[in-house]
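In case you want the letters, here they are:
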Amino acid sequence: WRGREGAPYSTLVPSDEVTITYRHGLPVITLMLPTRSERCQFTIKPVVTTVGAFLQDVQREDKGIERAEVFATDGTKVSDATLMEILLMNDFKLVINNTAYSVSPPVKDKLSSEHATEMEDIKSLVHRLFVALHLEDHQIRKERELLQKLDHLKGELLPLEQMKARIMENADAKTSRLLWVGLALMSTQGGALAWLTWWVYSWDIMEPVTYFITYGSAMAFYAYFVLTKQDYIYPLAKDRQFLHYFYHKSKKQRFNVERYNKLKDDLAEAEESLRRLRQPLHLRLPIQEINDKD
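Just so it is clear, the structure is predicted and the values come from calculations on it, not from any experiment.

A.B. asks: Provide a residue-level description of a nonpolar patch on the surface, including the pertinent values.
C.D. replies: Together, Trp195, Trp198, Trp199, Val200, Tyr201 and Ile205 give the surface a local cluster of nonpolar side chains, amounting to about 790 Å² of exposed area. The biggest single contributor to the nonpolar patch is helix α3 (residues 113-200), with four residues. Structurally, Val200 is set in helix α3. In this structure Val200 comes out as partly exposed when scored by relative accessible area, which is 38%.

Below, the structure written as structure tokens:
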């Protein structure tokens, strides 16, 4: 048997010097401490204890131990991060100073179905107890993080909101002016047709003119549909013109619409997360305390 650097260890001790038994479902490793010359038992929690933690416990018991390592039977060193549960599945060699102990873990009897069910119930109870003890601290810490995020997002949105309000006011004013101009043009057209019909020409002459004006208007509405894929409905046309002015003004004033929308989405998501976090069923507090926090 050779160590990690290829040098042979001075002694290879039989497996009876290191024994492993199970007590109350937990493995107990018994070994002889080299400098204290006494046997010592180490109770292992295989699910959480690592090889490195076990070796540290051995060195703490005997300060004369300078080296403590674990090797597989083929000479490969076992990582300190390996769980003891994995290590105890196969034979291994425990090296203390220059002595190598050959260890053969016993085969653990399978738990009965009743015992396994009982263990699962205990695990579930421990999990619920852990959640009950630590959930409130987690909720408060999460609430503090969300509040800080909300303050940060609102700080970034404030100048953008002010710029957006100015741009929207300008776009709304232009859209309103355009609507009034349209009304003025239609009124002028109606007055001109009436003047030409009753004072300049007769209806027989003006009737074809009004027909072609109506037909031209229908062509204009159809062209609007072809270009926009929308019917010419006054509210939709007004909104479209408003957006046209808004984006044109935003580009001139370098207002980043995509960044603004992203910040608004993040703000809404954070507010929703905070609202759900403060629900009585999630926070597990009386409703009065929730209202006080709000």
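Now that the structure has been shown, the text picks up again.
A.B. asks: Describe in detail helix α5 (residues 234-252), supporting the description with residues and values.
C.D. replies: Compared with the 27 Å implied by 1.5 Å per residue over 19 residues, the 27 Å span of α5 between its first and last C-alpha is a close match. Taken as a whole, α5 has its buried residues at Ala237, Phe242, Tyr245, Phe246 and Ser250. A positive backbone phi angle near 60° is found at Arg254, which sits one or two residues after α5.

A.B. asks: Mind laying out the pattern of salt bridges, listing which residues take part and the relevant values?
C.D. replies: For the structure on display, the rule yields seven salt bridges. A salt bridge links Lys77 to Asp80; the nearest nitrogen and oxygen atoms lie 3.8 Å apart. Residue classification places Lys77 among the partly exposed residues on the basis of a relative accessible area of 31%.

A.B. asks: An account of the UniProt feature "transmembrane region" (unreviewed entry) in the chain is needed here, citing residue identities and associated values.
C.D. replies: Those residues carrying the UniProt feature "transmembrane region" (unreviewed entry) are residues 178-197 and 209-227 in this numbering. A helix fraction of 100% and a strand fraction of 0% characterise residues 178-197, whose end C-alpha atoms lie 29 Å from each other. End-to-end, the C-alpha atoms of residues 209-227 are 27 Å apart, and along that stretch the chain is 100% helix and 0% strand.

A.B. asks: Outline the nonpolar core, listing residues and values.
C.D. replies: Ranked by internal contacts, the top residues of the largest apolar core, which has 24 residues, are Ile29, Leu31, Phe54, Val70, Phe92 and Leu94. Breaking this core down by element, the ones donating at least two residues are β3 (26-33), β4 (38-43), α1 (51-61), β5 (68-72), α2 (84-87), β6 (92-96) and β7 (99-103). If we skip the residues at most four places from it in the chain, Ile29 touches Val18, Thr19, Ile20, Cys40, Gln41, Phe42, Ile44, Phe54 and Met84. The next biggest cluster of nonpolar side chains, apart from the first, holds 18 residues, and it includes Phe246, Tyr260, Leu267 and Leu277.

A.B. asks: Explain unusual backbone geometry to me, and be specific about the residues and the numbers.
C.D. replies: The phi dihedral of Asn97 is positive, around 55°, even though this residue is not glycine. Looking at where Asn97 falls in the secondary structure, it is placed in the loop between β6 and β7. Classification of Asn97 by relative accessible area gives partly exposed; the value is 21%.

Conventions we followed
Residues numbered from 1 in each chain as written. Predicted model: local features only at pLDDT ≥ 70, side-chain atom pairs only at ≥ 80, totals over all residues. Heavy atoms only, no water. Patch = residues over 30% accessible without salt bridge, like charges linked within 9 Å, V, L, I, M, F, W, Y side chains within 5 Å. Areas by Shrake-Rupley, 256 points an atom, 1.4 Å probe, with all protein chains shown as cover. Salt bridge = Lys/Arg side-chain N within 4 Å of Asp/Glu carboxyl O. Helix = DSSP H or I, 4+ residues; strand = E, 2+ residues; numbered from the N terminus. Buried < 20%, exposed > 50% of the residue type's maximum accessible area, 1.4 Å probe, protein only. Expected span 1.5 Å × (residues − 1). UniProt positions renumbered as here; feature names shortened; annotations may be inferred. Core = buried A, V, L, I, M, F, W, Y, C linked by side-chain atoms within 4.5 Å. Contact = heavy atoms within 4.5 Å.

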